[in-house]
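Summary of the model geometry
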Amino acid sequence: MSLQTSSRLIALLGHLQARVTATGPELAGVLGVGERTVRKDVQRLRELGYPVESVRGAAGGYRFGEHGRLPPLLLEDDEAVAVAVGLGAVSAVSGIEEAGALALAKLQHVLPDRLWRRVRTLAESTDVGPAETATNAVAPPVDIGLLADLAAAVRDREGLRLFHRPTHDVEERLEADPYRLVSWQQRWYVVARVRPDGRWRALRVDRIEVRTPGAGRFASAPLEGGDYAAFVLRDVAFSGWNVHCRIAVDAPAAEVLRRINPTVGVVETVDEDHSVLVTGADSVEMVAVYIGLLGLDFHVDSPPALVDHVAALATRYARALPPD
């Protein structure tokens, strides 16, 4: 479709939204084309999913169908899904959650049915992890079409057959029942029960390849408590991070828990004045940021890369102090 044709379709949509019924000659005059071109453009709009109806009779012409008056918005499939992804991310930003939800609801009135179903399915199948956590690792690219397909599998309770790469040098073949998509730290996960034992897994979407045909429909047996985002954070904390560590903290466990997101680490009690924080991140730099934000005295003895980085930070901060 040429740019000229796209611009003409937008103009045609705008004119149809402003009139109850518009005749072929009227539309041809407005657009500066022949009636045959108008008929072709109307057919293009129908192929895109816009409900343009033909009205017979002396006062006949064209009008919008079940959606009434639609503003002109033309999006490709992946573009519509990308809008849903962006609005979903907004829901994790404090203060504008309601605005994001309202914007998503308004899409229903400006998208064709086919695209709206795709957008709604992704929105309704996705949870977003806490925005206060962060990473300095480069976000992996994710196939927008794959996200939409996974959301449809969640909605329809369709089992998946897939290749999964938990690490770069390991690949496993799985059959899994998908229950939820979770977006966290610029990464996407599908939370699923792995067949045949029903064990819960959080699978990185950028590390899976879906195979066809699928694994057949499954009976729903949701995660206890239904907090799929929290499950992803716990699962990543124990298996998905690049760096794992145990930090000795000179404070009781209750005090440490008050200062962290409890889903990104586990606090073990040593005695009434000491505890151990079991945590991790995608890099030693981010671990150092997290433990620095505790505001408590701590001790690090592993992994060696973290010890070296904390030592380098100590030297750097010491140099930043004014001389005595």
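Residues numbered from 1 in each chain as written. Predicted model: local features only at pLDDT ≥ 70, side-chain atom pairs only at ≥ 80, totals over all residues. Heavy atoms only, no water.

**Looking at helix 11 (residues 304–320)**
Across its 17 residues, helix 11 extends 24 Å between first and last C-alpha, which sits within 8% of the 24 Å expected from 1.5 Å per residue. Within helix 11, the full set of buried residues consists of Leu306, His309 and Leu313. Each buried residue of helix 11 lies within a common arc of 60 degrees when the element is viewed along its axis, so the set occupies one face. For helix 11, exposure combined with an orientation more than 90 degrees from the buried face picks out Pro304, Asp308 and Arg319. Residues of helix 11 that are buried sit in contact with strand 9 (243–249) and helix 10 (284–293). (Helix = DSSP H or I, 4+ residues; strand = E, 2+ residues; numbered from the N terminus. Expected span 1.5 Å × (residues − 1). Buried < 20%, exposed > 50% of the residue type's maximum accessible area, 1.4 Å probe, protein only. Arc of directions from axis to C-beta. Contact = heavy atoms within 4.5 Å.)

**Points about the packing of aromatic side chains**
With the rule as written, the count across this model stands at four aromatic pairs. Between tryptophan 200 and tyrosine 228 the ring centres are 6.1 Å apart and the planes differ by 65 degrees, which places this aromatic pair in the edge-to-face class. Taken together, the residues tryptophan 200 in strand 7 (residues 199–204) and tyrosine 228 in helix 8 (residues 228–240) connect sequence positions 28 residues apart. Accessibility expressed as a relative area gives 16% for tryptophan 200, which makes it buried. The cationic tip of arginine 211 hangs over the ring face of phenylalanine 163; the distance from NZ or CZ to the ring centre is 4.8 Å. (Phe/Tyr/Trp six-rings, centres within 6.5 Å; stacked < 30°, edge-to-face > 60°. Lys NZ or Arg CZ within 6 Å of the ring centre and 35° of its normal.)

**Focus on the nonpolar core**
Soluble globular proteins: nonpolar side chains tend toward being buried together. Ranked by size, the top nonpolar core spans 24 residues in total, and within it Leu122, Leu150, Leu181, Val205 and Ile208 carry the most contacts. Of all the secondary structure elements, the ones that give two or more residues to this core are helix 4 (77–90), helix 6 (113–124), helix 7 (144–156), strand 4 (158–167), strand 5 (170–184) and strand 6 (187–194). A per-element tally of this core places helix 7 first, with six residues. Not counting the four nearest positions on each side in its chain, valine 205 is found in contact with Val142, Leu146, Leu147, Leu150, Leu181, Trp188, Tyr189 and Val190. Formed by 18 residues, the second largest nonpolar core is a distinct cluster that contains Val249, Ile260, Ala281 and Leu306. (Core = buried A, V, L, I, M, F, W, Y, C linked by side-chain atoms within 4.5 Å.)

**What about the sheet that holds strand 11 (residues 274–281)?**
Backbone-to-backbone hydrogen bonds join strands into a sheet, with any given pair of strands oriented parallel or antiparallel. A sheet is described by the order of its strands in space; here four strands give the open sequence 10-11-9-12, paired in antiparallel fashion. Taken across any chain shown, the strands that pair with only one partner, and hence form the sheet edges, are strand 10 (266–271) and strand 12 (298–299). Pairing analysis gives two bridges linking strand 9 to strand 12, with the strands arranged antiparallel. Across the sheet, the residue bridging to valine 249 is phenylalanine 298, located in strand 12. (Pairing = 2+ DSSP bridges.)

**Looking at the packing of helix 6 against helix 7**
For the pair helix 6 and helix 7, the least separation of the axes is 8 Å and the interaxial angle reads 75 degrees. Taken together, the axes of helix 6 and helix 7 lie roughly perpendicular to each other. Contacts between helix 6 and helix 7 involve Arg117, Arg118, Thr121 and Leu122 from the former and Gly145, Leu147, Ala148, Asp149, Ala151, Ala152 and Arg155 from the latter. Class assignment of the residues belonging to the contact of helix 6 with helix 7 gives a composition of five nonpolar, two polar and four charged. (Axes fitted to C-alpha atoms, helices over the stretch in contact; angles between N-to-C directions. Parallel < 35°, antiparallel > 145°, perpendicular 65-115°, else oblique. Nonpolar A, V, L, I, M, F, W, Y, C, P; charged D, E, K, R; others polar.)

**Considerations on the pattern of salt bridges**
All chains considered together, the criterion is met by 14 salt bridges. Taking the shortest distance from any N to any O, the salt bridge between arginine 8 and aspartate 41 comes out at 2.6 Å. With a gap of 33 residues between them, arginine 8 in helix 1 (residues 3–18) and aspartate 41 in helix 3 (residues 35–47) connect regions that are remote in the sequence. Like aspartate 41, arginine 8 is buried. Arginine 195 serves as the salt-bridge partner of glutamate 175, at 3.8 Å between the closest nitrogen and oxygen. Linking glutamate 175 in strand 5 with arginine 195 in the loop between strand 6 and strand 7, this pair joins segments that are 20 residues apart in sequence. In the salt-bridge network here, residues are joined through shared partners; they are Arg8, Asp41 and Arg44. (Salt bridge = Lys/Arg side-chain N within 4 Å of Asp/Glu carboxyl O.)

**Considerations on the environment of proline 178**
Structurally, proline 178 can be placed in strand 5. Sequence-distant contacts of proline 178, defined by excluding residues within four places in its chain, comprise Ala153, Val154, Glu158, Gly159, Leu160, Val190, Val191, Ala192 and Phe218.

**As for helix 6**
In a regular helix each residue adds 1.5 Å, so 12 residues correspond to 16 Å; helix 6 covers 16 Å between its end C-alpha atoms and thus fits that length. Three or more residues of helix 6 are buried, namely Leu115, Trp116, Val119, Thr121 and Leu122.

**Notes on the pairing of strand 7**
Extensive coverage of strand 7 is indicated by the burial of five of its six residues. Alignment of strand 6 against strand 7, held across six bridges, turns out to be antiparallel. Counted as the bridge partner of tyrosine 189 is arginine 204 from strand 7. In this antiparallel pair of consecutive strands, strand 6 and strand 7, the connection spans four residues, and glycine 198 shows a positive phi of 75 degrees.

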